[in-house]
Amino acid sequence: MKPIAERTGRHCLRLPSNRLGLYLALRHWCTPGQRLLMSPISADEILFLVLAAGLRPVIAPLSPHDGNIDVGRADLSQVDAVLTTNLYGLPDQMSAFAGKIVIEDVAHALESTFEGRPLGTFGQAGVFSLSKHPAAGSGGVLAVEHRSDLAALQQARDELLVPGAPLRQLFDVATSMGRQTALKLDLVRPALFLARRLGLQEPREGYRIALRPDSLDEALKQVPCLPAFDQWVCADLHDFRARRGRVARWYQSRRLAKVPAERDRRLDGVRLLAELPTVAAAVRDHLDQPLFRVPLLVRDRDAAVAELERHGVAVGYLYDPPYDDYAPGYTDPSPDPGPARWWARHVLPVNPIYASRALPILMNLLPAPPL
Ligand SMILES: Cc1ncc(COP(=O)(O)O)c(C=O)c1O
């Protein structure tokens, strides 16, 4: 985890996933019953781990500029804490949250900065994911400012960890290596076909996992309690709190060490995609950031996803609908849900590393209708 400790200058705790780290941070710095401002657009499991921590999700208005919290229209006086998303690597407006408890989800933002300073160094904690830029299949790192917090967080982590199955971990490492090879050799279509046949993809209703309100109401009676929410928080990563063995840890470190070597390719892809008329406006302000994905905003997004897949380009990380439409009653809804609905419906996140492979299709896509 040395590269993250060096980048952030913070004390780091190794984890089997980012989501476990977000839960630990929310439990460590927040008190059940507190109100947490969060973006309406992020991964399914994030909403459920916030609920598991006993917090009330207050859904922020979304900026159509970058898909993050619209700080100009969010009422910070009504919340105790903020969870940032840094969607696809585009930085949240960190200076706006001073004075609040801030937990940074930097899963997408390993290489991003805000006003020249690395993300993950602003809040009480920054939580990285090794399955994103490093593409290590799984793994997370919690980075905190004060060493004094580390011992309590480590103890809380160890209480939540369950034993890992060695064979399962070997399988996961092999699957991750296979995925990298398929991407490099332009074999995404057969790889996707195989993953679906082997049941490796999470069942979803549209782009979100099933909400199962009856079970959710039961789980909510036990908060704060992560295990009661396992069935939701485990989306796409069933062993998100399983202890990792030596091989998995070696693989994670190796993948993390390779991230800098991809930086230039990532930046080239960002600059190439930034020339498209469909690119989200904020990308053009961040041509120096090696984004995780480059968000385009296109007219018929689902048709574009299918077309890209036919040409061997897989599209993931789609968060549609926004949380307040997905889980009404479990959140304080956004005061203005329109921009988040528009973003969720039209965004097409493209991996900048494979930008030129996708470009012939992307060039023909029409921009999203105006908001
Ligand atoms: C924005 C965001 N945050 C957090 C996570 C969770 O990361 P991990 O799979 O390492 O728990 C994801 C996973 O897709 C994500 O997209």
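Model, not experiment: these values are computed from the prediction. Residue numbers here run from 1 along each chain, matching the order of that chain's written sequence. In keeping with the model being predicted, local features are shown solely for residues with a pLDDT of at least 70 and side-chain atom pairs are shown and tallied solely at 80 or more, while totals for entire chains, interfaces and linings include all residues.

### Remarks on the overall build of the protein chain
Next, step 1: Looking only at helices and strands, one finds 15 helices and 11 strands in the protein chain.
Next, step 2: Its C-alpha atoms put the protein chain at 50 × 50 × 45 Å along the principal axes.
Next, step 3: Here exposure depends only on C-beta density: within 10 Å of a residue's C-beta, 20 or more other C-beta atoms make it buried, 12 or fewer make it exposed, and intermediate numbers make it partly exposed, the C-beta atoms being placed from the backbone. Scored against the burial criterion, the 371 residues of the protein chain give a buried share of 47%.
Next, step 4: If you take every contact in the protein chain between residues at least 6 apart in sequence, the share linking residues at least 24 apart comes to 65%. Secondary structure elements follow DSSP: runs of H or I no shorter than four residues count as helices, runs of E no shorter than two count as strands, and numbering proceeds from the N terminus. We call two residues in contact when the distance between their C-beta atoms, placed using the backbone, is within 7 Å.

### Examining the sheet that holds strand 4 (residues 81-84)
Next, step 1: Pairs of strands are assigned from DSSP output, requiring at least two bridges between the strands. Across the sheet, which stays open at both edges, the seven strands sit in the order 1-9-8-5-4-2-3 with mixed pairing between neighbours. Two strands in the sheet have a free side with no partner beyond their single neighbour: strand 1 (11-15) and strand 3 (56-59). Neighbouring strand axes in the sheet, compared pairwise and without regard to direction, differ in orientation by 20° on average.
Next, step 2: Of the strand pairs in this sheet, strand 5 (residues 101-105) and strand 8 (residues 125-129) are connected by three bridges, and their pairing is parallel. Paired with E104 across the two strands is G126, which belongs to strand 8.
Next, step 3: An axis is simply a line fitted to the C-alpha atoms; with a helix, the fit covers only the stretch in contact. Between two such axes, the angle follows the N-to-C directions and lies from 0 to 180 degrees. Packing against the sheet, helix 2 (residues 18-29) makes contact with strand 1, strand 5, strand 8 and strand 9 (140-144), and its axis sits at approximately 170° to strand 8.

### With respect to the nonpolar core
Next, step 1: By definition, a nonpolar core groups buried Ala, Val, Leu, Ile, Met, Phe, Trp, Tyr and Cys residues that connect through C-beta atoms lying within 7 Å of each other. L36, L49, V50 and L142 are the most contacted members of the largest nonpolar core, which totals 103 residues.
Next, step 2: Among the elements that take part in this core, helix 3 (residues 44-52) stands out by supplying seven residues, more than any other.
Next, step 3: When residues are assigned to domains, this core turns out to be shared by domain 1 (2-160) and domain 2 (263-362), each giving three or more.
Next, step 4: Filtering out sequence-adjacent residues up to four positions away, L36 remains in contact with C30, V50, L55, R56, P57, V58, V79, A81 and L83. What fixes the domain bounds is an automatic or database domain assignment.

### Regarding the site of the ligand
Next, step 1: A molecule or strand has a residue near it when that residue's C-beta atom, placed from backbone coordinates, lies within 6 Å of it. Surveying the vicinity of the ligand reveals 16 residues, the closest of which are S17, N18, R19, A107 and S129.
Next, step 2: All amino acids are sorted into three groups, where Ala, Val, Leu, Ile, Met, Phe, Trp, Tyr, Cys and Pro are nonpolar, Asp, Glu, Lys and Arg are charged, and the leftover types, Gly among them, are polar. When the residues that make up the shell around the ligand are grouped by side-chain class, the tally is six nonpolar, eight polar and two charged.

### Considering the packing of helix 2 against helix 3
Next, step 1: At a minimum axis separation of 9 Å, helix 2 and helix 3 run at an interaxial angle of 30°. As judged from the angle between their axes, helix 2 and helix 3 are roughly parallel. Judged by the twist between their axes, the crossing of helix 2 over helix 3 is right-handed. Contacts from R19, L22, Y23 and L26 of helix 2 reach helix 3 at E45, I46, L49, V50 and A52.
Next, step 2: In the contact of helix 2 with helix 3, the residues fall into seven nonpolar, no polar and two charged. Here the angle decides the label: under 35 degrees means roughly parallel, over 145 means roughly antiparallel, 65 to 115 means roughly perpendicular, and every other value means oblique. For any helix crossing, the convention is left-handed if the near helix is rotated counterclockwise from the far helix by under a right angle, and right-handed if that rotation is clockwise.

### Regarding the pairing of strand 4
Next, step 1: Where burial is concerned, the two faces of strand 4 agree: the one with A81 and L83 and the one with V82 and T84 are both buried.
Next, step 2: Summarising the sheet, strand 2 (residues 35-38) and strand 4 pair through three bridges and their orientation is parallel. Counted as the bridge partner of L36 is A81 from strand 4.
Next, step 3: Where strand 4 and strand 5 come together, four bridges link them in parallel fashion. Bridging across to strand 5, L83 finds its partner in I103.

### Let's talk about the domain arrangement of the protein chain
Next, step 1: Annotation of the protein chain at the domain level lists domain 1 (2-160) and domain 2 (263-362).
Next, step 2: The gap between the C-alpha centroids of domain 1 and domain 2 is 21 Å.
Next, step 3: Counting residues at the interface gives 27 residues for domain 1, matched by 31 residues for domain 2.
Next, step 4: Looking at the side of domain 1 that touches domain 2, the elements with two or more residues in it are helix 3 and strand 3.
Next, step 5: Examining the composition of the side of domain 1 that touches domain 2, we find that four residues originate from one element, strand 3, more than from any other.
Next, step 6: Residue composition of the side of domain 1 that touches domain 2, by class: 14 nonpolar, eight polar and five charged.

### Re the environment of P360
Next, step 1: With respect to the helices and strands, the residue P360 is situated in helix 15 (residues 355-362).
Next, step 2: Of the residues examined, P360 has 9 C-beta atoms within 10 Å and is grouped as exposed.
Next, step 3: A sequence separation of 112 residues divides P360 from A248, and the C-alpha atoms of the two residues are 37 Å apart.

### Let's talk about the packing of helix 10 (residues 259-273) against helix 15
Next, step 1: Closest axis-to-axis distance for the helix 10/helix 15 pair is 10 Å, and the angle between their directions is 15°. With respect to helix 15, the element helix 10 is oriented roughly parallel. Along this stretch, helix 10 crosses helix 15, giving a crossing that reads as right-handed. Where helix 10 approaches helix 15, its residues G269, L272 and L273 are matched on the opposing element by A355, S356 and L359.
Next, step 2: Classifying every residue of the contact of helix 10 with helix 15 by side-chain character gives four nonpolar, two polar and no charged.

### Points about unusual backbone geometry
Next, step 1: Cis geometry is adopted by the peptide bond preceding P224, which originates at V223 and carries an omega value of -5°.
Next, step 2: As for its position among the elements, P224 is in the loop between helix 7 (213-220) and helix 8 (230-233).
Next, step 3: Here the residue pair D320 and P321 is connected by a cis peptide bond, since its omega of 5° sits within 30 degrees of zero.
Next, step 4: For E115, which is not a glycine, the phi torsion comes out positive at approximately 50°.
Next, step 5: The topology assignment puts E115 in the loop between strand 6 (113-114) and strand 7 (117-118).
Next, step 6: The class for E115 is exposed, based on 9 C-beta atoms found within 10 Å.
Next, step 7: The backbone of D236 shows a phi angle near 70°, a positive value even though the residue is not glycine.
Next, step 8: Examined against the element boundaries, D236 turns out to sit in the loop between helix 8 and helix 9 (246-257).

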